[in-house]
Amino acid sequence: MTDKEKKIKCPICKNPSEMDKEQNPYLPFCSERCRTIDLGAWLDGKYFIESDEFFMDSEM
Ligand SMILES: [Zn+2]
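Residues numbered from 1 in each chain as written. Predicted model: local features only at pLDDT ≥ 70, side-chain atom pairs only at ≥ 80, totals over all residues.

(A) Region of the structure containing the overall build of the protein. When helices and strands are tallied, the protein shows two helices and two strands. For the protein, the α and β elements follow one another from N to C terminus as β-β-α-α. Looking at the protein as a whole, 7% of its 60 residues are labelled buried. At a minimum sequence separation of 6, the contacts of the protein that also span at least 24 residues come to 9%. (Helix = DSSP H or I, 4+ residues; strand = E, 2+ residues; numbered from the N terminus. Buried ≥ 20, exposed ≤ 12 C-beta atoms within 10 Å, placed from the backbone. Contact = placed C-beta atoms within 7 Å.)

(B) Broad picture of the environment of Cys30. In this fold, Cys30 is placed in the loop between β2 (16-18) and α1 (32-50). Under the C-beta neighbour-count criterion, Cys30 is labelled buried, with 22 such atoms within 10 Å. Considering only alpha carbons, one finds Cys30 and Cys13, 17 residues apart in sequence, at a separation of 8.2 Å. Those residues in contact with Cys30 that sit more than four places away from it in its chain are Cys10, Cys13, Asn15, Ser17 and Asn24.

(C) Broad picture of unusual backbone geometry. For the peptide bond that leads from Leu27 to Pro28, omega is 0 degrees, which places it in the cis range. We note that Lys14 has phi near 65 degrees; this positive angle belongs to a residue other than glycine. By secondary structure assignment, the location of Lys14 is in the loop between β1 (7-9) and β2. The class for Lys14 is exposed, based on 10 C-beta atoms found within 10 Å.

What follows is the structure, encoded as C-alpha cells:
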C-alpha cells in the first residue's frame, strides 16, 4: 500500500481518475469532458420533464 496511488473512479466513464486536485481540477470526474457530460445529463433530465408534448408527438 502506498499513499501515492490515490485514485478514484470517475462516475461518468468509470475510469480511474486522479485524486490529486493539482493534477485533476475536475474532481470527482476524470476530465472536463466527463464533468460536462454530467452537467448535460442533469439539464437533459430537466428538459425532458418540461417537454412531454414532444413525447406525444412521437406516438404516431
Ligand atoms: Zn471520466
